[in-house]
Amino acid sequence: MNHRPLHGGWTLSSKDLDGIPATVPGCVHTDLLAAGVIGDPYLDDNEQRLGWIGRTEWTYRTSFTWSPDGHERTDLVCEGLDTVAEVTLNGVPFGETANQHRSYRFPVRHLLREGGNELAVRFSSAYDYAGARRAALGERPGAYDEPYPFIRKMACNFGWDWGPNVVTAGIWRPIGLESWSRARLAEVRPLARADGTVEVRVRVERTTEEPLTLSAEVAGVTAAQRVEGRSAVLSLRVPGAELWWPRGHGEQPLYDLTVRLEEQEWTGRIGFRDVELDREAFRLKVNGVPVFVRGVNWIPDDCFPARVTRQRLAERFGQATAAGINLLRVWGGGLYESDDFYDLADELGLLVWQDFPFACAAYPEEEPFRSEVEAEARQNVARLARHPSLALWCGNNENLEGHADWGWREKLAGRSWGSGFYHHLLPSIVAELDPGRPYWPGSPYSGTPLAPPNDPASGTVHIWDVWNREDYLRYGAYRPRFVAEFGFQGPPAHATLRRASSDEPLTPDSAHQKAIDGQAKLLRGLGEHLPRPGTFDDWHYLTQLNQARAMAFGIERFRALMPYCMGTIVWQLNDCWPVTSWSAIDGDGRRKPLWYALRRAYADRLITVQDGAAALVNDTAEPWAGELSLARRGLDGRPLAKEVVTVYAAPRSVLRVALPASVAEPDDPARELLTARLDEARAVRCYAEDLAVAFPPAAYDAHVERLPDGYRVTVTASSVLRELALFPDRLDPDASVDDQLVTLLPGESAVFGVATRRELDTSALTRYPVLRCVNEEPFRP
């Protein structure tokens with residue numbers, strides 16, 4: 001077999017543009033940007049001027065030489081075309097595509113010429129295609145007035161409440177010629193189990209009826225057989241195979257599997273583990289052990305996914321694991337992600353919940369969509385089945401809820417809406433191709449079509465009354481089994497805003513904001529918690545802080561309900577561009593204060609004060625025992641009452657310790673706070689909201705020390721310092737800090753590590769607006 005990439009010499013043209021150098025893999029937007037034809041869609045209001053790109057027909061062309069290579073067959077393999085394309089070779093059309101989510105293979109040996117050849121891929125407008133299908137099949141209701149349900153393409157390309165409308169076209173994954181003779185491995189689907197067995201299921205495309213030799217090897221164990229048909233199964237057992245575990249539960253041993261058909265070789269890594277789902281409680285078990293999901297939702301990390309490299313994914317995954325996260329939910333408005341994505345998840349022990357790409361709309365089930373959905377699902381289920389990190393297939397995002405609760409039934413008037421996909425087609429494909437993996441029809445979903453989809457008492461729930469209407473304290477009224485979405489907005493880092501906007505000076509409106517009434521909701525969300533900002537700098541700090549507090553409150557509430565509640569998946573980990581959104585990591589990859597709050601709230605061991613008790617959350621395999629110190633203190637740090645309780649929290653459990661009367665209620669809620677400590681875990685809780693607390697003016701000493709890789713900033717409190725934070729990116733866009741949002745009592749110190757390659761103004765590191773806290777002078781009530 002011979003594979004030849006065709007990634008060089010491409011040009012891009014339209015009726016108005018010609019001969020623009022093109023990068024493959026890539027897309028029209030990035031090619032136009034590189035050529036200087038358009039401005040960066042992510043900066044200022046450029047997005048609003050670039051809608052014409054998605055409504056234009058584009059053609060990619062390249063030339064290459066070819067000579068016979070002795071093989072019987074030569075195919076053009078297109079791993080990803082976005083989306084509606086006609087492919088021609090030497091002027092002869094031979095292939096049509098209409099699905100970004102799948103690959104295509106076309107035989108082209110009969111069209112190749114010895115010597116020069118020209119390959120062209122003409123992309124029709126996604127809007128034209130989707131509009132024509134909508135006209136033919138009838139309108140379908142959805143969250144946005146865009147035609148994304150009528151084309152198998154990344155839905156969020158059409159804009160979302162956090163993302164821009166940049167409807168792309170292009171050769172977004174590799175393309176090349178593949179020559180072969182006699183037979184080729186059309187599909188290799190290893191299914192590994194915790195008992196050390198792996199069943200290697202193979203599909204063969206062949207030009208000969210002669211018997212073929214198929215073999216497989218893993219960990220020194222081999223199996224072989226003669227293949228006379230077009231499919232085969234090899235079974236192997238690895239004695240003493242080490243189990244793969246999600247992070248926090250064990251190691252992640254991976255085994256190299258090699259499959260050979262004649263002279264062709266396929267290699268991939270597998271892990272031995274079992275995964276199951278307790279459907280009523282929505283409790284994931286790996287190797288028989290229940291796992292509390294400390295999750296985040298994942299959206300495409302760039303609107304132009306060809307730019308997302310393995311290195312970029314590794315950085316983002318590193319940020320996730322450093323925050324204590326153990327699961328990524330690949331959200332249904334995006335993509336089946338790259339092989340690198342799932343390989344990294346395998347290596348790091350990050351579980352993956354994979355939505356099929358359907359989101360927030362009714363989808364037609366008629367042709368050509370049913371066939372395309374089946375083709376993409378078969379390809380991707382088979383492609384991803386080997387990954388031990390993949391824990392769950394989910395049919396869609398919020399479409400079951402939309403049909404039940406958003407008034408879709410009346411608008412549909414009997415037309416199809418996707419239920420046949422979610423309840424029949426997709427589960428049948430998973431059962432056939434990946435039978436050891438759980439399937440769930442959608443999220444939110446209560447486990448039966450007969451019950452309300454968003455019922456907290458069973459299945460998964462999405463909580464969006466908080467943020468949209470309610471104060472975040474409402475999380476305390478919920479008692480869910482599993483929270484698959486909940487979130488609260490905050491702006492991106494200052495340096496990200498500064499790069500994305502040319503406004504002078506910056507204002508809250510300098511940040512992209514796609515959510516309905518988003519700016520008003522940010523201010524309303526401050527509620528009785530934090531003061532109203534009077535300047536941009538104060539708005540930026542306070543809304544970021546409020547986002548972090550809101551999500552920490554919700555996570556702590558739901559973790560304290562373990563094992564009744566067995567998971568939280570925060571909306572969202574990442575952003576695809578610079579925007580005010582629900583993310584913990586902004587569109588430039590910078591950590592927002594929310595990220596630091598996640599790290600605390602998702603710690604293996606956590607103390608949280610809930611409903612008059614200190615809840616000790618122990619999500620480790622070892623007991624957590626010791627002396628729990630509880631103290632009611634004045635704002636000067638002086639203890640007014642102290643209690644010590646001997647505690648024992650069993651592994652993977654929550655111990656609730658009722659607060660003794662002496663510390664449960666304050667004498668003066670405006671001038672007292674509660675501290676709880678066990679080992680290295682500490683909680684500090686005010687008895688009143690910050691606006692009602694008589695904080696003294698912030699007083700502290702700060703010392704800055706130069707280090708080879710940056711600075712060490714030590715802050716020693718003379719007064720209480722509430723939510724102390726350091727924002728070095730205001731001095732150097734590439735600078736970062738290792739901690740945020742630390743509350744200090746008088747006499748306590750915090751040490752911040754600032755990573756930077758630049759020489760910074762050390763005095764600026766320790767004053768407004770770089771160093772902030774709630775009780776700095778302008779904020780005191």
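Residues numbered from 1 in each chain as written. Predicted model: local features only at pLDDT ≥ 70, side-chain atom pairs only at ≥ 80, totals over all residues. Heavy atoms only, no water.

Asker: Explanation requested: the overall build of the protein in the structure shown.
Answerer: Across its full length, the protein carries 14 helices and 44 strands. Its C-alpha radius of gyration of 28 Å places the protein within 12% of the 28 Å reference for a compact globule of 781 residues. On the principal axes, the C-alpha backbone points of the protein span a range of 85 × 60 × 60 Å. Out of the 781 residues in the protein, the part that is buried amounts to 59%. Within the protein, counting contacts between residues at least 6 apart in sequence, those at least 24 apart form 69% of the total. Split by element, the accessible area of the protein, about 28700 Å² in all, is 47% carbon and sulfur. Taking the average place of the 86 positive charges on the side chains of the protein and the average place of its 108 negative ones, the gap between the two points comes to 2 Å. (Helix = DSSP H or I, 4+ residues; strand = E, 2+ residues; numbered from the N terminus. Rg over C-alpha atoms; globule rule 2.2 N^0.38 Å. Buried < 20%, exposed > 50% of the residue type's maximum accessible area, 1.4 Å probe, protein only. Contact = heavy atoms within 4.5 Å. Areas by Shrake-Rupley, 256 points an atom, 1.4 Å probe, with all protein chains shown as cover. Lys, Arg positive; Asp, Glu negative; His and termini not counted. Charge placed at Lys NZ, Arg CZ, Asp CG, Glu CD.)

Asker: Explain the environment of Ala676 here, please?
Answerer: Within the secondary structure layout, Ala676 lies in strand S36 (residues 672-678). The exposure class of Ala676 is buried, given its relative accessible area of 2%. What Ala676 contacts, discounting residues up to four positions off in sequence, is Ile607, Leu628, Ser629, Leu630, Ala681, Arg682 and Ala683.

Asker: How should empty space enclosed by the protein be read in this particular structure?
Answerer: If you roll a probe as big as a water molecule over the atoms, it shows you where there is empty space left. Within this structure, the stated rule accounts for six cavities of 30 Å³ or more. Approximately 100 Å³ is the volume found for the largest cavity. Looking at the largest cavity, it is lined by 13 residues, and the ones nearest its centre are Ala192, Arg193, Arg273, Ala385 and Arg437. The residue makeup of the lining of the largest cavity, split by class, is five nonpolar, three polar and five charged. (1 Å grid on protein atoms, 1.4 Å probe; cavity = no way out; pocket = protein on both sides within 12 Å on 5 of 7 lines; lining within 4 Å. Points joined across faces, edges and corners; volume = space filled by probe spheres on them. Nonpolar A, V, L, I, M, F, W, Y, C, P; charged D, E, K, R; others polar.)

Asker: When you look at the environment of Val221 in this model, what are you seeing that I'm missing?
Answerer: Turning to its location among the elements, Val221 is positioned in strand S16 (residues 221-227). A C-alpha to C-alpha distance of 6.5 Å links Val221 and Val238, two positions 17 residues apart in sequence. Apart from residues lying up to four places away in sequence, Val221 is in contact with Ala216, Leu236, Arg237, Val238 and Pro239.

Asker: Quick question: what am I supposed to make of the sheet that holds strand S1 (residues 2-5) here?
Answerer: Strands belonging to one sheet form pairs held by backbone hydrogen bonds; the direction of such a pair is parallel or antiparallel. With respect to topology, four strands assemble into an open sheet ordered S1-S12-S5-S9, the strand pairing being antiparallel. The open sheet has two edge strands, S1 and strand S9 (104-107), and neither has a second partner. Across the sheet, the axes of successive neighbouring strands diverge by a mean angle of 25 degrees, strand direction being ignored. Where S1 lies against strand S12 (residues 175-180), four bridges are found, and the strand directions are antiparallel. By the bridge assignment, Pro5 is partnered in S12 with Gly176. (Pairing = 2+ DSSP bridges. Axes fitted to C-alpha atoms, helices over the stretch in contact; angles between N-to-C directions.)

Asker: Looking at this model, I keep getting lost on the environment of Gln610. Mind explaining?
Answerer: Mapped onto the elements, Gln610 comes out in strand S31 (residues 605-610). Excluding anything up to four places from it in sequence, Gln610 contacts Glu556, Arg557, Ala560 and Arg656. For Gln610, the side chain forms a polar contact with the side chain of Thr608, separated by 3.0 Å. (Polar contact = N/O pair within 3.5 Å; in protein donor to acceptor, adjacent residues only side chain to side chain.)

Asker: What is the right way to read the sheet that holds strand S21 (residues 283-286) from this model?
Answerer: Reading across from one edge, S20-S21-S22 is the order of the three strands in this open sheet, with antiparallel pairing throughout. Looking at strand neighbours, the two that pair on one side only are strand S20 (275-278) and strand S22 (289-291), the edges of this open sheet. In this sheet, adjacent strand axes meet at a mean angle of 35 degrees when their direction is disregarded. Strand direction decides the pairing type here: S20 and S21, joined by four bridges, are antiparallel. Along S21, the bridge assignment pairs Glu276 with Lys285.

Asker: In this structure, what is going on with the pattern of salt bridges? I would like to understand it.
Answerer: Where charged atoms from two side chains of opposite charge approach closely, those side chains can pair. As enumerated under the stated definition, the model contains 64 salt bridges in all. Close ionic contact of Glu347 with Arg269 constitutes a salt bridge, the shortest N to O distance being 2.4 Å. Here Glu347, found in helix H4 (residues 339-348), pairs with Arg269, found in strand S19 (residues 264-270); they are 78 residues apart in sequence, far enough to count as distant. Asp667 is the salt-bridge partner of Arg632, the closest N and O atoms lying 3.4 Å from each other. Of the two residues, Arg632 is situated in strand S33 (residues 624-634) and Asp667 in the loop between helix H14 (661-664) and S36; the sequence distance between them amounts to 35 residues. (Salt bridge = Lys/Arg side-chain N within 4 Å of Asp/Glu carboxyl O.)

Asker: Help me understand the side chain of His387, please; the structure alone is not making it clear to me.
Answerer: Position of His387 among the secondary structure elements: in the loop between helix H5 (369-384) and strand S26 (390-394). Looking at His387, the relative accessible area reads 1%, which means it is buried.

Asker: It is not clear to me how the packing of aromatic side chains should be interpreted in this structure. Could you clarify?
Answerer: Given two aromatic rings, one states the distance between the centres and the angle between the planes to describe the pair. Per the stated rule, a full pass over the model turns up 44 aromatic pairs. Measuring from centroid to centroid gives 6.1 Å for Tyr42 and Trp577, while their planes differ by 65 degrees, and the two rings are edge-to-face. In this pair, Tyr42 is assigned in the loop between helix H1 (28-34) and strand S4 (58-66) and Trp577 in the loop between strand S30 (567-570) and helix H13 (593-601), connecting sequence segments 535 residues apart. By relative accessible area, which is 0% here, Trp577 ends up buried. Between Phe486 and Phe558, the ring centres sit 5.5 Å apart and the planes meet at 75 degrees, which makes this aromatic pair edge-to-face. Linking Phe486 in strand S29 (residues 483-486) with Phe558 in helix H12 (residues 536-559), this pair joins segments that are 72 residues apart in sequence. Phe558 shares its class with Phe486; the two are buried. Pairwise contacts between aromatic rings join Tyr144, Tyr148, Trp160, Trp162, Trp331, Phe358, Tyr363, Trp417, Phe421, Tyr422 and Trp571 into one cluster. The ring of Phe358 is capped by Arg152, whose NZ or CZ atom sits 4.2 Å from the centre of that ring. (Phe/Tyr/Trp six-rings, centres within 6.5 Å; stacked < 30°, edge-to-face > 60°. Lys NZ or Arg CZ within 6 Å of the ring centre and 35° of its normal.)

Asker: Would you mind showing me how to read the state of the cysteines here?
Answerer: Summed over all chains, the structure comprises zero disulfides. Between Cys27, a free cysteine, and Cys303, which holds the nearest cysteine sulfur, the sulfur-to-sulfur gap is 9.5 Å. Overall, Cys27 belongs to the buried group, its relative accessible area being 6%. (Disulfide = S-S within 2.5 Å.)

Asker: Even after reading the chapter, I still don't get helix H3 (residues 310-322), so can you show me in this structure?
Answerer: At 3.6 residues per turn, the α-helix brings residues three or four places apart onto the same side. Helix length check: H3 (13 residues) gives 18 Å between terminal C-alpha atoms against 18 Å at 1.5 Å per residue, within 8%. Taken together, the buried positions of H3 are Arg312, Leu313, Arg316, Phe317, Gln319, Ala320 and Thr321. Looking at the buried positions of H3, the neighbouring elements they touch are strand S23 (293-298), strand S24 (327-330), H4 and H13. Gly324 lies just past H3 and shows a positive phi near 85 degrees. (Expected span 1.5 Å × (residues − 1).)

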